[in-house]
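# Residue-level structural notes
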Amino acid sequence: MNPILEAINRANSVLIIGHVRPDGDCIGSAFALREYCLKLGKTADVGSPTPLPDAYTFVRNSDQFNRITRKNYDLFIAVDCGARDRIGRMEGFFKSAKETVWVDHHEGHNGFGKYNRVDATASSTCEIVFDLLDPTGKIDPVIATYLYLGLSTDTGHFMHNNTTPKVLYTAYKLASYGAECHELAVRLYRTRTMEKTALIAKSIETLRLYMDGKVAIIAMTRDILDECHIDANDTEGIIDYAIAVEGVEIGVSICEEKPNEFKISFRSRGKRDVNEVARFFGGGGHVNAAGCRASGNKEDVIDRILRAIRCTIGE
Ligand SMILES: [Mn+2]
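Residues numbered from 1 in each chain as written. Predicted model: local features only at pLDDT ≥ 70, side-chain atom pairs only at ≥ 80, totals over all residues. Heavy atoms only, no water.

## Regarding the overall build of the protein
A tally of regular secondary structure across the protein gives 12 helices and 11 strands. Radius of gyration (C-alpha) of the protein: 19 Å, near the 20 Å computed for a compact globule of 315 residues. When the 315 residues of the protein are sorted by exposure, 54% land in the buried category. Across the protein, every contact between residues at least 6 apart in sequence was considered, and the portion connecting residues at least 24 apart equals 63%. Summing over all exposed atoms, the protein offers an accessible surface of approximately 14100 Å²; the carbon and sulfur share of this is 49%. (Helix = DSSP H or I, 4+ residues; strand = E, 2+ residues; numbered from the N terminus. Rg over C-alpha atoms; globule rule 2.2 N^0.38 Å. Buried < 20%, exposed > 50% of the residue type's maximum accessible area, 1.4 Å probe, protein only. Contact = heavy atoms within 4.5 Å. Areas by Shrake-Rupley, 256 points an atom, 1.4 Å probe, with all protein chains shown as cover.)

And the structure:
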């Protein structure tokens, strides 16, 4: 049997933790593993160092997210965490657990648990969790829907270049296990709050082109976020408007989480490696999608981003 499944079998209590500012992939993979553990009669909790974004409160059992019921757990599972510190304030649970598991698809590490499954060729952590759970025959419609969530969001609903034949095969399998594909697609891509709609409008107004139109930057400053009553954690998808502009090869969004503290996201086309750009700022991710943070005023941060891009792509 797979050592990770064996570790789950040995445990009575399991804590599954996704990264700070959880996305669809860590929420889906964490809840899928929780459901599997519950089926085996375990105590299982899910969470992340930061709250569930409003955009994901539609997910089944979302009220259970970050409901940590114990002081320590037999088994700690980190999902979708590309670095050791991505578990943030959950560190104590990692240290006190009898055993630890790390499941992830980010590049640049081999996992930080006793048992690790890290595969940078996988589209998503949910794809890896599917491979792990499929042989058990325990993927029901609930687990399938959770896994489909991460598969869908991490591939941009099957539009990113990580949409491999294996991804589509996994989607087919999940659909055949009863995943609510259509309902999820409507919730994820055809439903948004009025606040988010206002944010889209205001963000697009800030879009500027640089480097002969190869780079587009959107700046969500504090005043825009406040005006739209939107939390800095709920800015997912805004960057798509930057990379969607014809001729743009690198799309950037900067989001002022706190005054003069920016969360920066990068998207790129083809061989443009934004992972390298993000590393300039101590961040990282994948070739075509990466992130980091920087502090300073807006103009200064944009200047540094452009300099980092010029350094990496040499123009
Ligand atoms: Mn992921």
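## Thoughts on the domain arrangement of the protein
For an interface, size is often stated in terms of accessible area lost upon the parts coming together. Domain parsing of the protein yields domain 1 (3-189) and domain 2 (194-313). Distance from the C-alpha centre of domain 1 to the C-alpha centre of domain 2: 27 Å. Carbon and sulfur atoms make up 38% of the surface buried where domain 1 meets domain 2, a total of about 880 Å² over both sides. At the junction of domain 1 and domain 2, the tally comes to one salt bridge. A salt bridge links E257 to R21; the nearest nitrogen and oxygen atoms lie 3.5 Å apart. Here domain 1 is connected to domain 2 by three residue pairs in polar contact (both at pLDDT 80 or more). Of the residues contributing to the side of domain 1 that touches domain 2, the split by class is three nonpolar, three polar and four charged. (Domains from an automatic or database assignment. Buried area = accessible area lost by both parts, 1.4 Å probe. Salt bridge = Lys/Arg side-chain N within 4 Å of Asp/Glu carboxyl O. Polar contact = N/O pair within 3.5 Å; in protein donor to acceptor, adjacent residues only side chain to side chain. Nonpolar A, V, L, I, M, F, W, Y, C, P; charged D, E, K, R; others polar.)

## Here's the deal with the sheet that holds strand β10 (residues 284-285)
Taken in spatial order, the six strands line up as β6-β7-β8-β9-β11-β10 in an open sheet, and their pairing is mixed. Of all strands in the sheet, those with a lone pairing partner are β6 (208-210) and β10, marking the two edges. Summarising the sheet, β10 and strand β11 (residues 289-295) pair through two bridges and their orientation is antiparallel. Looking at β11, one finds that G285 is bridged to A290. Running at roughly 145° to strand β8 (residues 250-258), helix α12 (residues 298-313) makes contact with β6, β7 (215-220), β8, β9 (261-268) and β11 of the sheet. (Pairing = 2+ DSSP bridges. Axes fitted to C-alpha atoms, helices over the stretch in contact; angles between N-to-C directions.)

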